[in-house]
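# What the coordinates show
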Amino acid sequence: MSERRIVSVIPCSGIGKAFGTVSREAAYELCENLRPADTTLVALSKLVVGDQDAQSRVRTNPAVTIDGCKLMCASKLVKHSGATVAREVSVLDVFRRHKDLKPEGIAELNEPGKELARAIAAEISGGLDEILAETTGGQHA
Amino acid sequence: MPDLPERKVGIIACSGEELAVGTVTRLAALKVLHEVRAGKTVTICLPLFLAGGEGDRAFARFHPTITVDGCELRCAARGTEMYSGKPTASVVVSELAAQNSVEHIDGRRRLNEAGQKAVELTTERLMNLVDQILATKQTAKPLISITPAPVKGAR
């Protein structure tokens with residue numbers, strides 16, 4: 001019997017722009033509300049300074065990164081730590097498809113920003129079973 | 001006299017997503033930046049800094065920095081030291097809260113009352129540290145290397 005797998009979710013939480021806050025909010029929405037049983041939230045800073053628990057969680061589970069800007073820091077840092085990024089999400093890409101949801105406010109997101117975060121979380125949630133199936137299949141290959 | 005760049009203090013918050021004290025670091029750093037010490041501080045984006053943002057790393061090498069960590073892992077302080085230099089000062093929210101008998105900080109997405117109190121305490125501590133740092137005489141060494149051009153990624 002195969003071990004039940006979960007997905008590690010790593011947002012960038014960039015502090016300079018509202019898009020960084022959207023990445024954080026989307027991760028919370030996914031991990032706390034939409035798919036709590038299938039996901040685990042991993043703090044990016046812990047991962048980078050070599051925290052063993054964080055590194056173990058991203059190396060043994062497929063990772064989904066959520067980045068607030070084109071520099072894609074979360075994705076880069078997760079790859080650098082030796083993990084497999086199953087899906088990298090760019091907040092800006094999703095925003096281009098939801099131009100009416102312009103996020104504002106870094107400390108406290110406005111309502112369109114929260115809605116954008118919910119849209120991102122829903123998109124990731126929709127593809128999560130596929131990621132889990134693919135990676136579980138990979139284990140047996 | 002040559003024009004010297006204005007001296008500012010860089011605030012580097014861990015923004016740890018897993019714990020409520022990580023959210024405290026983020027909110028306190030933003031409060032210092034936008035409200036109580038606006039114009040005297042910049043925030044440095046920790047992920048960009050760690051991912052190799054040269055502008056941010058250069059800023060932290062030549063300007064005073066304060067790191068704000070949520071827990072004893074001290075990721076922001078350790079990351080700063082690894083990639084730039086020892087921070088001028090550092091704050092750990094869990095220690096500060098314990099010293100002030102603030103208990104049961106919770107709500108990483110929406111802070112509870114204790115979390116809000118911790119934001120106030122951390123903001124006050126940061127504010128005092130910024131004032132102390134800016135009041136100290138600037139040494140010649142950092143001034144030589146400060147680039148007055150805008151620092152990419154530092155806000």
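Please refer to the structure higher up on the page.
These numbers were taken from a predicted model, which means no experiment stands behind them.

### Section: empty space enclosed by the protein
Following the criterion strictly, the structure yields one cavity of 30 Å³ or more and no others. Approximately 100 Å³ is the volume attributed to the largest cavity. Around the largest cavity, the lining is made up of 14 residues, and of these C12(A), C14(B), S15(B), L46(B) and P47(B) lie nearest the centre. Taken together, the elements giving at least two residues each to the lining of the largest cavity come down to α2 (44-48) of chain A together with α2 (46-51) of chain B. Considering every element that reaches the lining of the largest cavity, the biggest residue donor is α2(B), with three residues. A per-class count over the lining of the largest cavity returns nine nonpolar, four polar and one charged.

### What to know about the pairing of strand β4 (residues 89-92) of chain B
Residue and element names in this part refer to chain B. For strand β3 (residues 65-69) and β4, the ladder comprises four bridges, and the chain directions are parallel. Considered in β4, the bridge of D69 is made with V92. Traced from β3 through helix α4 (residues 75-83) to β4, the parallel crossover comes out right-handed.

### Some points on the interface of chain B and chain A
Tallying the contact residues gives 31 residues for chain B and 31 residues for chain A. In total, about 2700 Å² of surface goes out of reach between chain B and chain A, with carbon and sulfur atoms giving 57% of it. Among the residues of chain B in contact with chain A, E17(B), R26(B) and R109(B) are the three that bury the most area, contributing 29% of the side total. Summed over the shared surface of chain B and chain A, the result is seven salt bridges. When the shortest N-O distance is used, the salt bridge between R108(B) and E32(A) registers 2.8 Å. Along the contact surface separating chain B from chain A lie 17 residue pairs in polar contact (both at pLDDT 80 or more). Where the side of chain B that touches chain A is concerned, the elements lending two or more residues are α1 (20-36), α2 and α4 of chain B. Looking at the side of chain B that touches chain A, the element that brings in the most residues is α1(B), giving seven residues. The class makeup of the residues in the side of chain B that touches chain A is 16 nonpolar, seven polar and eight charged.

Thresholds applied
Residues numbered from 1 in each chain as written. Chains lettered and ligands numbered in written order. Predicted model: local features only at pLDDT ≥ 70, side-chain atom pairs only at ≥ 80, totals over all residues. Heavy atoms only, no water. 1 Å grid on protein atoms, 1.4 Å probe; cavity = no way out; pocket = protein on both sides within 12 Å on 5 of 7 lines; lining within 4 Å. Points joined across faces, edges and corners; volume = space filled by probe spheres on them. Helix = DSSP H or I, 4+ residues; strand = E, 2+ residues; numbered from the N terminus. Nonpolar A, V, L, I, M, F, W, Y, C, P; charged D, E, K, R; others polar. Pairing = 2+ DSSP bridges. Right-handed = clockwise from strand over helix to strand, strands pointing away. Contact = heavy atoms within 4.5 Å. Buried area = accessible area lost by both parts, 1.4 Å probe. Salt bridge = Lys/Arg side-chain N within 4 Å of Asp/Glu carboxyl O. Polar contact = N/O pair within 3.5 Å; in protein donor to acceptor, adjacent residues only side chain to side chain.

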